[in-house]
Amino acid sequence: MIVFDSENKVFYLHTKKTTYAMGIYQNKILLHAYWGKRLNHPIHNDYVEALRYRPLAPVDAAPYSTDMLPLEYSTFGSADLRYPALETKYRDGAYYTRLEYADHEILSGKPGLEGLPATYCEEGDKVDTLVIHLADSLRDLHVYLSYSVFEDLDAIARSARIENRGEKMEIGRAFSASVDFVGVDDMDIIHLDGAWVRERYITRRKIVPGTQSVESRFGASSAVHNPFFAVCDSTATENVGNVYAMSLVYSGNFIAGAELGAFNGLRAYIGINPQNFNFVLEKGESFQAPEAVLVYSADGLGEMSRIYHKLYRTRLCRGKYRDIPRSVVLNSWETTYFNFDENTIIELARSAKEIGVDTMVLDDGWFSTRDTDRAGLGDWWEHPKRLPSGLGYLASEVNKIGMKFGLWFEPEMVNPDSKLFRAHPEWALHTPGRETTPTRSQITLDFSRDDVCDYIINAISSILDRANIEYIKWDMNRYMCEVGSANLPAERQGEVYHRYMLGLYHVLETLTQKYPEVLFESCSSGGGRFDPGMLYYMPQVWTSDNSDAVDRLRIQYGTSMVYPYSSMSAHVSVCPNHTQRRTTPFKMRCNVAMPGQLGFELNLGKCTPEELELSRKTIVRYRELEDVFHNGDLYRLRSPFECDMSVLQFISEDKKRVIVCIDGQRGLFNGPDEYIKLRALDPDAVYTCNGKSYYGEYLMNKGIYHQNNVEHLSIMLEFVKE
Ligand code: DGJ
């Protein structure tokens, strides 16, 4: 619900549990007034009054300085000397923009963001949008700040559109959200960081004076940092404490950070990374910044995650597969790598069918001259030796077995050793006169160009039109360097990174709309681009190239800070694991993969009868439980970052089924007893597990008895409410 108190000039954005408020100071400056627990009464105007004049502060908003005020969308160049949300450059050399409130409108529902992924609402949802118009009358520059309030889902989606009605100018940054907190004393920041095969580990650190941020300059959101940032009480835990989180619906370069000033004012922000970003706006042109999703939780990190999970799985992911059970796949990559032909794939499909797998996915190596990873990317037609009868034949043979057929693509890349590159070297990102640095012998296609996007749309369409392909794994295996486009003039080279993303989103939008029956999975050397932008087009992501069950405990747990388990592809693979050679019991590998989108990635022909039987049972059990894992609520009971175990509790939407997944690595022989307390149960109801009955209050206050005394302990318990 959005309320404008016109007398006091205060906007209130209310969700079920939260309030976000802004005030218009002196009829012109838009101030941030409040963000936190839901308020049912007007705020006090001490969010301005309490701020005292500070010696030496330039007084441009008498009796205050804008440098002291909590600004909703700040600019640099006059009296506010903090890290700004908007940076402009005018052709006369000036760079200062002064934004003042002009007007606002309240819309019911939520408009889309042109060319960009964004959360959305459906009929019947309680969602309204406030658009506040700020203007610089001297430059005729207009900023439209949008706030879409998801009342029942407890989230606010923010974005900014910059419209230039004046002379040609440039934007050096345009953040999606910036929030000024006043009086920040003892608080922490949390973000997700890592590397290839170690994605989204949780980092928590104390906020200190100065700037602290995470950013990507990789051209993709990256495995190194994730476009997510939370500020929380230093005492906040999974279940208690204030958490203020921002998540960016974008897959390219980003920055997320906070600056703590001299008087404990904290400015937290998220948006496109200003590094090598410069957007030229002719008179009449505008720039749309991506969307940032703001979530406040008064009940710790667990509640923050549940809010993101529900919003992202129901109002960010789209399409047929948003709401229905998805495929259990056998993927050929770790199974065969480049050693296969069409008969190998048909045989694999047969063995997969026997254990209940429903989709055979052919990974890398099926096209052009792709005998190694050094050639062929860009040439999207069948490898003549591997698939002599073509993809149409292979798909139909797999279909005859009673399985669906899926295919891998890496559409954003080209190998210099390819027909495509030889014909169109100018189609790759490059800087004139410089060598382009390869990674894995490949370079990046210039998706800021329409002709490149059209080529890829046509290449993929022509395959989908002649073979029954029901699943696509969309891979992207390098970060970008020497970024430049042959298609843009010198003054617009600072637009290439963002225009690349717009091109990619256009391609994904076209293909996913054209082929609504195809399930798309995103991948970037595993989880190198696991972000909300990608989830808008593809509801699941290959979480990590690290499929080891022990390592996956941390990767999946960290990922679950923001992203639901329904978005995490998780495969049972062979041991010793191909990444770090660890051996784990088959049961643990199955149990750890089960809460995600289950799949297999190993040669079933080499499995023992016991492993095949366990695989079969795992798929049956998975089908029984997946609704709880994917549509229920997650409570994290033990963190693998803090102890030797991961304990997750999933509770179904109707609250009748509770799954507890307990997985450990080392265990402690003859170790201590412990009880694990469950959460969110009905205290007066009886829950049954393995023939034993417990009251909810007992399970929540005493817990379930546990001894972590075995190596690779892996237990999955189901409690059913009577
Ligand atoms: C990287 C992916 O993460 C793997 O799963 C696999 O598809 C390879 N690329 C293929 O080259």
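Residues numbered from 1 in each chain as written. Predicted model: local features only at pLDDT ≥ 70, side-chain atom pairs only at ≥ 80, totals over all residues. Heavy atoms only, no water.

### A look at helix α4 (residues 342–355)
Rules: Strands here are runs of E lasting at least two residues and helices are runs of H or I lasting at least four, both read from the DSSP assignment and numbered beginning at the N terminus. Given the number of residues in a helix, its expected span is that number minus one, multiplied by 1.5 Å.
Across its 14 residues, α4 extends 21 Å between first and last C-alpha, which sits within 8% of the 20 Å expected from 1.5 Å per residue. Positive backbone phi, approximately 100°, marks Gly356, located one or two places after α4.

### Digging into the environment of Tyr337
Worth spelling out the cut-off: Only protein chains enter the accessibility calculation, which uses a 1.4 Å probe; a residue whose area is less than 20% of its type maximum is buried, one above 50% is exposed, and one in between is partly exposed. Two residues qualify as a contact provided that any one of their heavy atoms is within 4.5 Å of a heavy atom in the partner residue.
Mapped onto the fold, Tyr337 is located in the loop between α3 (333–336) and α4. Relative accessible area serves as the criterion here: at 29%, Tyr337 is assigned to the partly exposed category. Taking C-alpha positions, Tyr337 is 8.0 Å from Asp363, a pair spaced 26 residues apart along the chain. Not counting residues within four places of it along the chain, the set of residues in contact with Tyr337 comprises Ser332, Asp364 and His578.

### A word on the site of the ligand
Inclusion rule: By convention in this text, a residue qualifies as near a molecule or strand provided that one of its non-hydrogen atoms is within 4 Å of it. Counting of polar contacts relies on pairs of N or O atoms within 3.5 Å, with two restrictions inside protein: one atom must be capable of donating a hydrogen and the other of accepting it, and residues adjacent in sequence are counted only when both atoms are side-chain atoms. Shrake-Rupley sampling with a 1.4 Å probe provides the accessible areas, and residues are treated as covered by the protein chains on show and by no other component. Gly falls in the polar group here, along with every residue not listed as nonpolar (Ala, Val, Leu, Ile, Met, Phe, Trp, Tyr, Cys, Pro) or charged (Asp, Glu, Lys, Arg).
Taken together, 13 residues lie near the ligand, and Asp363, Asp364, Lys473, Asp475 and Asp545 sit nearest. One nitrogen or oxygen atom from the side chain of Asn477 is found 3.3 Å from a nitrogen atom belonging to the ligand. A distance of 2.4 Å separates an oxygen atom of the ligand from a polar side-chain atom of Asp545. Relative to its free-state accessible area of 290 Å², the ligand is covered by the protein chains to the extent of 97%. Residue classes in the shell around the ligand are distributed as four nonpolar, three polar and six charged.

### Notes on the sheet that holds strand β28 (residues 519–522)
Defined as follows: For two strands to count as paired, DSSP must find a minimum of two bridges between them. Think of each axis as a best-fit line through the C-alpha atoms, taken over the contacting stretch in the case of a helix, with angles from 0 to 180 degrees between the N-to-C directions.
Read around the barrel, eight strands follow the order β22-β23-β24-β27-β28-β29-β30-β31 and close on themselves; strand pairing throughout is parallel. Here the strands of the sheet are splayed against their neighbours by 30° on average, with no regard to which way each runs. Sheet analysis places strand β22 (residues 329–331) next to strand β31 (residues 597–601), joined by two bridges and oriented parallel. Paired with Leu330 across the strands is Phe600, a residue of β31. Against the sheet, helix α5 (residues 390–400) engages β23 (359–362) and β24 (404–409), with an angle of about 140° to β24.

### Considering the sheet that holds strand β39 (residues 714–721)
Strands belonging to one sheet form pairs held by backbone hydrogen bonds; the direction of such a pair is parallel or antiparallel. One open sheet holds the six strands; their spatial order is β32-β33-β34-β39-β36-β37, and the pairing between them is antiparallel. Sheet topology places β32 (633–638) and β37 (692–695) at the edges, where each strand pairs with a single neighbour. Strand-to-strand, the axes of this sheet are offset by a mean angle of 25°, without reference to chain direction. Taken together, the seven bridges between strand β34 (residues 657–664) and β39 define a ladder with antiparallel strand orientation. If you follow Val660 over to β39, its bridge partner there is Leu717. Taken strand by strand, helix α11 (residues 586–593) contacts β34 and β39, and its axis lies near 50° from that of β39.

### Considerations on the environment of Gly265
Inspection of the secondary structure assignment puts Gly265 in the loop between β17 (254–260) and β18 (266–272). For Gly265, a relative accessible area of 27% gives the class partly exposed. Spatially, the C-alpha atom of Gly265 lies 38 Å from that of Ser524, the residues being 259 residues apart in sequence. Here Gly265 is in contact with Phe181, Glu259 and Leu260, once residues within four sequence places are set aside.

### Regarding the environment of Asp136
Of note, Asp136 is situated in strand β7 (residues 127–136). Contact partners of Asp136, with chain neighbours within four places excluded, come to Tyr90, Tyr96, Thr97, Arg98, Leu99 and Leu141. Within the local environment of Asp136, its side chain forms a polar contact with the backbone nitrogen of Arg98, the two atoms lying 3.0 Å apart.

### Concerning the packing of aromatic side chains
Centre-to-centre distance and the angle between the planes together describe a pair of aromatic rings. Defined as follows: In summary, the pairing rule links any two rings of Phe, Tyr or Trp, Trp by its six-membered ring, whose centres are within 6.5 Å, and it sorts them by plane angle into stacked for under 30 degrees, edge-to-face for over 60 and tilted for everything else. Only lysine NZ and arginine CZ atoms are considered, and such an atom sits over a ring when it is within 6 Å of the ring centre and within 35 degrees of the ring normal.
Using the criterion set out here, one finds 40 aromatic pairs in the structure. Between Tyr565 and Phe650 the ring centres are 5.4 Å apart and the planes differ by 85°, which places this aromatic pair in the edge-to-face class. Taken together, the positions of Tyr565 in the loop between α10 (549–559) and β30 (568–573) and Phe650 in strand β33 (residues 645–651) put the pair 85 residues apart, joining distant regions of the chain. On the accessibility criterion, Tyr565 (4% relative accessible area) is buried. Through a chain of ring-to-ring contacts, the aromatic side chains of Tyr20, Trp35, Tyr147, Phe181, Tyr244 and Tyr296 assemble into a single cluster. Its end group placed over the ring of Trp542, Arg552 keeps NZ or CZ at 4.8 Å from the ring centre.

### As for the side chain of Arg386
Of note, Arg386 is situated in the loop between β23 and α5. Of note is the side chain of Arg386, whose polar atom sits 2.7 Å from the backbone oxygen of Phe338. Excluding residues that lie within four positions of it along the chain, Arg386 makes contacts with Phe338, Phe340, Asp341, Glu342, Gly365, Arg370 and Asp371.

### Things to note about the state of the cysteines
Basically, it comes down to this: By convention in this document, the label disulfide applies to cysteine sulfur atom pairs within 2.5 Å.
Tallied over the entire structure, the rule returns zero disulfides. No disulfide involves Cys481; its nearest neighbouring cysteine sulfur is the one of Cys523, lying 19 Å away. Summary of cysteine pairing: Cys575 is not part of a disulfide, and the nearest cysteine sulfur, belonging to Cys607, is at 11 Å.

### Description of unusual backbone geometry
With omega at 0°, the peptide bond leading from Ala62 into Pro63 counts as cis. Cis geometry marks the peptide bond from Cys575 to Pro576; its omega dihedral reads -5°. Relative to the assigned elements, Pro576 resides in the loop between β30 and α11. Of note, Arg440 is a non-glycine position whose phi angle comes to about 50°, a positive value. Its identity as a non-glycine residue notwithstanding, Ser525 has a phi of 45°, on the positive side. Counting through the fold element by element, Ser525 comes out in the loop between β28 and α9 (532–537).

### Side note on the pattern of salt bridges
Put simply, the test is: Counted as salt bridges are all cases of a side-chain nitrogen of Lys or Arg within 4 Å of a carboxyl oxygen of Asp or Glu.
Per the counting criterion, the structure on display carries 57 salt bridges. Where Lys126 meets Asp152, a salt bridge forms, and the shortest distance between an N and an O atom there is 4.0 Å. Separated by 26 residues along the polypeptide, Lys126 in the loop between β6 (100–108) and β7 and Asp152 in the loop between β8 (141–150) and β9 (155–164) bring together distant segments of the chain. Residue Lys126 is classed as partly exposed on the basis of its relative accessible area, which comes to 47%. In this structure, Arg638 and Glu674 form a salt bridge, with 2.8 Å as the shortest nitrogen-oxygen distance. A residue pair is termed long-range when its members are at least 10 positions apart, and Arg638 in strand β32 and Glu674 in strand β35 (residues 674–676) qualify at 36 residues. Relative accessible area serves as the criterion here: at 22%, Arg638 is assigned to the partly exposed category. Among the charged side chains, a network of salt bridges with common partners joins Asp67, Asp80, Arg82, Asp180 and Arg267.

### Focus on the domain arrangement of the protein chain
The condition is simple: Reported domain spans reflect what an automatic or database domain assignment gives.
The domain boundaries assigned to the protein chain delineate domain 1 (2–315), domain 2 (328–542) and domain 3 (645–721). A straight line from the C-alpha centre of domain 2 to that of domain 3 covers 42 Å.

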